[in-house]
Amino acid sequence: MNSYKSKLLFPVLGLMACACAENHDKLYPIEALDGPNRVDMPTINEYVKLDEISLPENFEISLWAADVPNARSLARSEEGIVFVGNRGEGKVYAVIDEDADGKADYRYTLAEGLKQPNGVAYKDGDLYVSQVNKIIRFKDIKNHLTDPTYEVLFDGYPTEKHHGHKFIAFGPDDYLYVSVGAPCNICDPEEEIFASITRIDVHSDNIVPEVVAHGVRNSIGFDWHPDTQNLWFTDNNRDRMGDDLPSCELNELTEMGQHFGYPYWHGEQIKDPEFGDDGREAEYYEVPRVNLGAHVAPLGMRFYQGSMFPGNYKKKVFIAEHGSWNRSKKVGYKIALVDSENKNGVYEEITFAEGWLDHASQEVWGRPVDVMELTDGSLLISDDMSNCIYRVSYKE
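Residues numbered from 1 in each chain as written. Predicted model: local features only at pLDDT ≥ 70, side-chain atom pairs only at ≥ 80, totals over all residues. Heavy atoms only, no water.

### Considering the confidence of the model for the protein chain
- Confidence in the prediction of the protein chain, expressed as mean pLDDT, is 94, and 94% of residues score 70 or more.
- Here residues 1-21 is a poorly scored stretch, pLDDT under 50, and it has 62 contacts once near neighbours within four places are set aside; other chains count. (pLDDT = per-residue confidence, 0-100. Contact = heavy atoms within 4.5 Å.)

### Examining the pairing of strand S10 (residues 135-138)
- Residues Ile 135 and Arg 137 of S10 are buried on one face, and the alternating residues Ile 136 and Phe 138, pointing to the opposite face, are buried as well.
- Strand direction decides the pairing type here: strand S9 (residues 126-130) and S10, joined by four bridges, are antiparallel. Note on S10: the bridge partner recorded for Tyr 128 is Arg 137.
- Once S9 ends, the chain turns through four residues before running back antiparallel as S10.
- Pairing of S10 with strand S11 (residues 151-154), which is carried by three bridges, proceeds in the antiparallel orientation. Across the sheet, the residue bridging to Arg 137 is Glu 151, located in S11. (Buried < 20%, exposed > 50% of the residue type's maximum accessible area, 1.4 Å probe, protein only. Helix = DSSP H or I, 4+ residues; strand = E, 2+ residues; numbered from the N terminus. Pairing = 2+ DSSP bridges.)

### Things to note about a negative patch on the surface
- A contiguous patch of negative charge on the surface is contributed by Glu 160, Asp 188, Glu 190, Glu 191 and Asp 278.
- Mapped onto the elements of the fold, Asp 278 is located in the loop between strand S21 (270-271) and strand S22 (290-293). (Patch = residues over 30% accessible without salt bridge, like charges linked within 9 Å, V, L, I, M, F, W, Y side chains within 5 Å. Areas by Shrake-Rupley, 256 points an atom, 1.4 Å probe, with all protein chains shown as cover. Salt bridge = Lys/Arg side-chain N within 4 Å of Asp/Glu carboxyl O. Lys, Arg positive; Asp, Glu negative; His and termini not counted. Charge placed at Lys NZ, Arg CZ, Asp CG, Glu CD.)

### Observations regarding the state of the cysteines
- If you walk through the whole model with that rule in mind, you get one disulfide.
- At a sulfur-sulfur separation of 1.9 Å, the disulfide partner of Cys 184 is Cys 187. Given an S-S torsion of about -80°, the disulfide between Cys 184 and Cys 187 has left-handed geometry. Summarising the burial analysis for this pair, Cys 184 and Cys 187 share the class buried.
- Of all cysteine sulfurs in the structure, the one in Cys 184 sits closest to Cys 248, which takes part in no disulfide; the separation is 15 Å. (Disulfide = S-S within 2.5 Å.)

### Let's talk about the pattern of salt bridges
- Evaluated as defined, the whole model comprises 18 salt bridges.
- Across the salt bridge formed by Asp 384 and Arg 72, the nearest N and O atoms sit 3.0 Å from each other. In this pair, Asp 384 is assigned in the loop between strand S28 (379-383) and strand S29 (388-394) and Arg 72 in the loop between strand S3 (59-65) and strand S4 (74-76), connecting sequence segments 312 residues apart.
- Assessed through its relative accessible area of 3%, Arg 72 is described here as buried.
- Between Lys 139 and Glu 151 there is a salt bridge; the shortest N-O distance is 3.9 Å. With Lys 139 in the loop between S10 and S11 and Glu 151 in strand S11, this pair connects stretches of sequence that are twelve residues apart.

### Notes on the environment of Ser 340
- Checked against the element boundaries, Ser 340 lands in the loop between strand S25 (334-338) and strand S26 (349-354).
- Leave out the neighbours within four places in its chain, and Ser 340 touches His 225, Trp 232, Phe 303, Lys 315, Val 317 and Tyr 347.
- Here His 225 takes part through its side chain, which lies 3.4 Å from a polar atom of the side chain of Ser 340.
- At 2.7 Å, the side chain of Ser 340 forms a polar contact with the backbone oxygen of Lys 315. (Polar contact = N/O pair within 3.5 Å; in protein donor to acceptor, adjacent residues only side chain to side chain.)

Below, the structure is given as structure tokens:
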């Protein structure tokens, strides 16, 4: 296995603008060349119940892509090609809205037979995809949608499959950030690479992951604050401590190398009953910016930077809550909204969109995974249960 390194650095994470695809306030037509890996996108998904989704006034939700099997993490090119990872199907997709009418027209299969290719990231014309122990790269992907090929950029991440699916994104420092989950529900792994967020230099001839955040049990979503450039990330906390403990988290990394508690402390200083005595005092570990609630399973998150939504949504955090799997009464299954501006020490969280879970019957028909803006500022939401992608827009 490749070696890993950890540096304790103390500057703010970056001074450059976030390396996200730029918004242009409208959708753009995209040529969709025919090829053996292209299929037409259907317009109907019989499992989707849009009339059950509640949103704030003047917001609308529609079906952007009706058939994207196991749709998970999202990335996009500058003009709006949407790349979709998945976890259970072993495939990676590109989805195109050819006529810019707010609905996808075609889906391309870029690769198959991969191991949990959850994470996707796009930069400088290339698509990067995470597998359990690998990062692969599709060069000049926009010009090779019908004949895609990839190279293995790095294959030295751990091979453990428990929490082996990763989230990846390019930071303002041009490094590719890669989450590495704990290989268990609760344990104290010997290798520091586990339960962390790392970064790699994709241009290096000798890639060595650098740990930037420790004690992160399983993060499947992160983004950088538009002003401070600090890394914010979701974290799924441990199971089997009851229905209400410990809370899942939204965290902020303010110094490189900070430790966020796992497996010793959870949430706001909740001592782990198995490993708490093996760690340091609670004050040594970072506490969450927001406790999101136990078992809600927060995955993808983004700071909103578009212009379609009202101005008070700028810099707020949209979070996809995938929902609980083993709680006696289900929670999550919604899109949460967090104000990233500290108001007397409080970061306010509210529900932005819900309805995938019927609280009375406890029936579930969809599970949000990731959120991402399109070029016009509308918001995409992937769903790996109903196998689709929604689009949220705003009209006065």
